[in-house]
Amino acid sequence: MFTVFWTTLFFFLWGSTTYTVESALGRPSCYDGNCITLNEGVITAKAGLCVVIPCSFTTADGFTPKSIVWFKCEPQKRRCSDSDIIFHINRYKVPSEFLGRVLLLDPDVSQGNCSIMINDLTTSDSGSYQLRVNGFYHGMADGVTFLLRTILSVKDLNLRPSLMIPPLTEGQQATLTCTAPGLCSGSPPNITWIWRGKIEEDYIITGSTTALTTEDLTGVTQRHSSTLTFKPSAKHHNTNLTCKVSFTGDITTEETVSLNVSLLAKILKGSGCVQHAEVLSCVCISEGFPSPTITWPLLKDHTEYSVINIVSNNTVNSTLSLRNPGNISVECFSSNENWEVKENLRVYRELSEEAYHEKHCVSGFGALPWVIAGVSLSVHVFCMIYIWHLWNTRKKTNLTEDQTYMSLRKRDTSAEYDVIVQRPQ
């Protein structure tokens, strides 16, 4: 019953932490009545995380176990020595690189559980692990070193944190969760959030880090998570968010996701209607993510209409043409899976052809006095210039005639002149 319990516990830890065992637990290996059970294959683990080396033992009659010692040495070394100790009841015998990292899962040695957990793994933890049980044999201090060993192989970390992203809606507070790989790591890892904007440089977002305890079979397994609470906006849409996990020994891993933010569907400026004679033409422009759907509630009472929808980059342009609308108000309704919005559109009414001509004719007559005044002034100025020109020309002509007349008045008159000027008697 004892062996079944610890075997079950081992497989729970095996499945909960990130390492694999290439073969199952072997049969007990016994010598002089002292037996040990270890896995017969290689345990593979990841750097930065933790690993459990499952182990159970029984001792010969008359032997009372008091403490456990674990060694790590090269596989080719037949027996590990005191210089290879990684766990001991006397802490001064444990090298600093192992002190506090190696934990005995059950401190009560009398239960026969020799399983250990090693935290903050590094590749240098790879090697051959050997067990010694110290105690008293028939009242005399004694110990048993088991020849059977287990092999641990620590590989570079290639696991990524897991990100839980709820649906993101613009303006609504959301909580994101990043969970470090593995159920244990010893020292809590450092978890940071990095937002990579479209233009802005990367910057770190601080979240609250919490350690979550799993089902408490041993009291040593933990899952480390960080939460980030923020209000997404349009600038976060299609940007990358990275969760970076840093373990002891400069071991890091990260996961990046692209954010999809559902935008507050909205009706944009430029939406409106124009009514001319018997035809009403309306345009409604709406933006949102996912792309919204535009409907016209007034169409339920009409049959003569046409609607054309054009979708481009999460923007919808809906054009409505309606005949014989009557005196109505026009409402545009836009919605997507997250939001809905409606707006009464302003209706501009164009003038009929008669009203148009009347309006423009009236405007023309209103300007007529000014036109007449301008023309009259121009004519007046032209007439003055023409009269002045005629007068000037006439003046020159008169001067020429006077000069000719004066030349005919000579002092020496001739008989011909006398005849010309003589008056009849």
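Residues numbered from 1 in each chain as written. Predicted model: local features only at pLDDT ≥ 70, side-chain atom pairs only at ≥ 80, totals over all residues. Heavy atoms only, no water.

**As for the overall build of the protein**
And then number 1: If you tally the helices and strands in the protein, you get 3 helices and 32 strands.
And then number 2: Within the protein, the fraction of its 425 residues that count as buried is 38%.
And then number 3: With an accessible surface of roughly 25900 Å², the protein has 55% of that area assigned to carbon and sulfur atoms. (Helix = DSSP H or I, 4+ residues; strand = E, 2+ residues; numbered from the N terminus. Buried < 20%, exposed > 50% of the residue type's maximum accessible area, 1.4 Å probe, protein only. Areas by Shrake-Rupley, 256 points an atom, 1.4 Å probe, with all protein chains shown as cover.)

**What about the environment of P107?**
And then number 1: Looking at the element boundaries, P107 is found in the loop between β9 (102-104) and β10 (116-118).
And then number 2: The spatial distance from the C-alpha of P107 to the C-alpha of S67 is 8.8 Å, given a sequence separation of 40 residues.

**With respect to the sheet that holds strand β3 (residues 34-37)**
And then number 1: Ordered in space as β2-β3-β6, the 3 strands form an open sheet in which the pairing is antiparallel. At either end of the open sheet lies a strand with only one pairing partner, and these are β2 (29-31) and β6 (56-58). Ignoring strand direction, the axes of neighbouring strands in this sheet form an average angle of 15°.
And then number 2: Where β2 and β3 come together, 3 bridges link them in antiparallel fashion. Paired with C30 across the strands is C35, a residue of β3. (Pairing = 2+ DSSP bridges. Axes fitted to C-alpha atoms, helices over the stretch in contact; angles between N-to-C directions.)

**Thoughts on the pattern of salt bridges**
And then number 1: Taken as a whole, this structure holds 5 salt bridges when the rule is applied.
And then number 2: Across the pair E255 and R160 runs a salt bridge whose closest N-O atoms are separated by 3.4 Å. Remark: R160 occurs in the loop between β13 (150-155) and β14 (162-164) and E255 occurs in strand β22 (residues 251-258); sequence separation between them is 95 residues.
And then number 3: Residue classification places E255 among the partly exposed residues on the basis of a relative accessible area of 22%.
And then number 4: Note that E278 is salt-bridged to R323, the shortest N-O span being 3.4 Å. (Salt bridge = Lys/Arg side-chain N within 4 Å of Asp/Glu carboxyl O.)

**Let's talk about the state of the cysteines**
And then number 1: Applying the stated criterion across every chain yields a total of 6 disulfides.
And then number 2: In this model C284 forms its disulfide with C332; the gap between the sulfur atoms is 1.9 Å. The chirality of the disulfide connecting C284 with C332 is left-handed, given an S-S dihedral of about -80°. Of this pair, C284 sits in strand β26 (residues 279-287) while C332 sits in strand β30 (residues 330-335), and the two are 48 residues apart along the sequence. Across the pair, exposure class does not vary: C284 and C332 are buried alike. (Disulfide = S-S within 2.5 Å.)

**Considerations on the pairing of strand β17 (residues 190-196)**
And then number 1: By the criterion of burial, β17 is predominantly enclosed, with 5 of the 7 residues buried.
And then number 2: Bridge analysis of β17 against strand β21 (residues 240-247) gives 7 bridges, and the strand direction is antiparallel. Its bridge partner lying in β21, T192 is registered against K244.

**So, the nonpolar core**
And then number 1: Counting residues in hydrophobic clusters, the biggest one holds 56 residues, and the most contacted among them are I68, W70, I118, L131, L152 and L176.
And then number 2: Considering each element in turn, this core owes the most residues, 6 residues, to strand β7 (residues 63-73).
And then number 3: Beyond its immediate sequence surroundings of up to four residues, L176 is in contact with M164, I165, P166, L168, W193, S226, T227, L228, F230 and L241.
And then number 4: Counting residues in hydrophobic clusters, the runner-up holds 16 residues, among them C282, L298, V316 and C332. (Core = buried A, V, L, I, M, F, W, Y, C linked by side-chain atoms within 4.5 Å. Contact = heavy atoms within 4.5 Å.)

**Let's talk about unusual backbone geometry**
And then number 1: The phi dihedral of D250 falls on the positive side, at around 55°, and the residue is not glycine.
And then number 2: Even without being a glycine, A277 presents a positive backbone phi close to 55°.
And then number 3: The topology assignment puts A277 in the loop between β25 (272-276) and β26.

**Description of the side chain of S115**
And then number 1: Along the chain, the position of S115 falls in the loop between β9 and β10.
And then number 2: A relative accessible area of 5% means that S115 is categorised as buried.
And then number 3: Within the structure, the side chain of S115 is placed 2.9 Å from the backbone nitrogen of C55, a separation counted as a polar contact.
And then number 4: Among the polar contacts listed, one links the side chain of S115 to the side chain of N113, at a separation of 2.9 Å.
And then number 5: Excluding anything up to four places from it in sequence, S115 contacts I53, P54, C55, L103, L104 and L105. (Polar contact = N/O pair within 3.5 Å; in protein donor to acceptor, adjacent residues only side chain to side chain.)

**Digging into the sheet that holds strand β31 (residues 340-345)**
And then number 1: Strand order in the open sheet made by the 3 strands is β27-β30-β31, with antiparallel pairing throughout. Of all the strands in the sheet, just β27 (293-295) and β31 have a single pairing partner and so form its edges. Pairs of neighbouring strands in the sheet enclose a mean axial angle of 20°, with direction left out of account.
And then number 2: Taken together, the 3 bridges between β27 and β30 define a ladder with antiparallel strand orientation. Directly across from I294, in β30, lies its bridge partner S334.

**Digging into the side chain of N113**
And then number 1: Tracing the chain through its elements places N113 in the loop between β9 and β10.
And then number 2: The buried category is assigned to N113, whose relative accessible area is 0%.

**Brief notes about the confidence of the model for the protein**
And then number 1: When pLDDT is averaged along the protein, the result is 77, and 71% of the positions lie at 70 or above.
And then number 2: Mean pLDDT values over the elements of the protein span from 39, in helix α3 (residues 415-421), up to 96, in strand β8 (residues 85-87).
And then number 3: In this model, residues 213-217 is a region of pLDDT below 50 whose contacts with residues beyond four sequence positions or in other chains number 9 contacts.
And then number 4: When the criterion is pLDDT under 50, residues 359-383 qualifies, and its contacts beyond four places in sequence or with other chains add up to 1 contact. (pLDDT = per-residue confidence, 0-100.)

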